[in-house]
Amino acid sequence: LKASPNNPCLIAMASVAGRLGYGFRTPYAATKWAIVGLVKSLAIELGPSGVRANAILPGIVEGERMNRVIAARAQTVGVDFETMRNEYLGKISMRRMVTIDDIAAMALFLCTPAARNVTGQAISVDGNVVFKEATATFPGVQPMQIVAEHLNVTAADTPNAQIEIRGAGGEN
C-alpha cells in the first residue's frame, strides 16, 4: 500500500460492539475494540506514506443469521419472533437493521477520493444502535433470569454476588 500512488486505503471490519461494548459477549467485544485500536494505530503509522486506515462498525445486520439469533432469544424468554424482533429494532434509532449493501456503500465511499482525509476513524453503520443491557421486560421473566439462563448459573452458584445493572448513561 505504501508504494501505491492511487489513494491507498485499508478498511477493517469490526462491529458496533467495538464502540459500545457488548454485555455477556466480552470476548467478542474485546476483539472488536482491538480492531479499532489497530486501525487507529495504523493510521498514525501509515499516514505519512499517504495510506489511510479506517474501520467499519456494522450494527445489527439484516439476514438469516440475525433471524436465527432473534428466534433463539425469543424462545429463551418465551415470546414470539415479532415481539423479539421489535425489541431489537427498539435499540436502533432508525428502527431498522442495516443491510450488507449499507456496509458496502460505506466501504466504497472510503475508497474514493472524496474520503482522502478520512483516516483513523471507526465509522458506525448501524442506524444509531444504543444498547442498554437488561432493559427488555417480558411477563413473568426477570432480566437476571435471562442472564442466568444464558450463563447456565443459579443463585446457589453465586451466593455472595451483588449485581447492579446500569444503562449506557449510568441510569438504573
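Everything below is about the structure printed above this text.
As a starting point, this report considers the structure included with it.

Quick notes on the rules
Sequence positions are assigned chain by chain, starting from 1 and proceeding in written order. Local features in this predicted model are restricted to residues whose pLDDT is 70 or higher, and side-chain atom pairs enter the listing and the counts only when it is 80 or higher, whereas totals over whole chains, interfaces and linings include all residues. Excluded from the side-chain calculation are hydrogens and water; included are all heavy atoms of the structure. Strands here are runs of E lasting at least two residues and helices are runs of H or I lasting at least four, both read from the DSSP assignment and numbered beginning at the N terminus. Categorising residues by exposure relies on relative accessible area from a 1.4 Å probe, with only protein chains included: less than 20% of the type maximum marks a residue as buried, more than 50% marks it as exposed, and the intermediate range marks it as partly exposed. Contacts are assigned to residue pairs with any non-hydrogen atoms lying within 4.5 Å of each other. Only the protein chains shown count as cover for residues, with accessible areas throughout obtained via the Shrake-Rupley method and a probe of 1.4 Å. What a helix should span is 1.5 Å times the count of its residues minus one. Here, the arc refers to the directions that run from the helix axis to the C-beta atoms. Pairs of N or O atoms are called polar contacts if they sit within 3.5 Å, as long as, within protein, a hydrogen donor faces a hydrogen acceptor (for residues adjacent in sequence, only side-chain-to-side-chain pairs).

**Quick word on the overall build of the chain**
- Check the secondary structure of the chain and you find six helices and three strands.
- Mapped in sequence order, the helices and strands of the chain form the string β-α-α-β-α-α-α-β-α.
- Residues counted as buried form 30% of the 172 residues belonging to the chain.
- Taking the intrachain contacts of the chain between residues at least 6 apart in sequence as the baseline, contacts between residues at least 24 apart amount to 70%.
- By element, 56% of the accessible surface of the chain is carried by carbon and sulfur atoms, the whole surface being about 10500 Å².

**Topic: unusual backbone geometry**
- With a phi close to 55°, N7 is a non-glycine residue in the positive phi region.
- Within the secondary structure, N7 is located in the segment before β1 (9-13).
- In this model, N128 sits at a positive phi of 70°, which is unusual for a non-glycine residue.

**Some words on the environment of I92**
- Within the secondary structure, I92 is located in the loop between α4 (81-89) and α5 (100-110).
- Taking the relative accessible area as the measure of exposure, I92 reaches 1% and is therefore buried.
- A sequence separation of 38 residues divides I92 from V130, and the C-alpha atoms of the two residues are 6.2 Å apart.
- Not counting residues up to four positions away in its chain, the partners in contact with I92 are I60, M97, D126, G127, N128 and V129.

**Overview of the environment of I100**
- Note on placement: I100 falls in helix α5.
- Placed 37 residues apart in sequence, I100 and G63 show a C-alpha to C-alpha distance of 8.8 Å.

**Quick look at helix α2 (residues 26-46)**
- Between its first and last C-alpha, α2 extends 30 Å over 21 residues, near the 30 Å set by a 1.5 Å rise per residue.
- Within the sequence span of α2, burial applies to A29, K32, V36, V39, L42, A43 and L46. Each buried residue of α2 lies within a common arc of 150° when the element is viewed along its axis, so the set occupies one face. Residues of α2 that are exposed and point over 90 degrees away from its buried face: T26, P27, I44 and E45.
- Of the surrounding elements, those touching the buried residues of α2 are β1, α1 (17-20), β2 (52-58) and β3 (122-125).

**Here we look at α4**
- The complete set of buried residues in α4 reads M84, Y88 and L89. Each buried residue of α4 sits inside an arc of 145° when the element is viewed along its axis, so together they form one side.
- Contacts from the buried residues of α4 go to α3 (64-77).
- The N-cap of α4, judged by a side-chain oxygen 3.0 Å from the amide nitrogen of E82 a few residues on, is D80.

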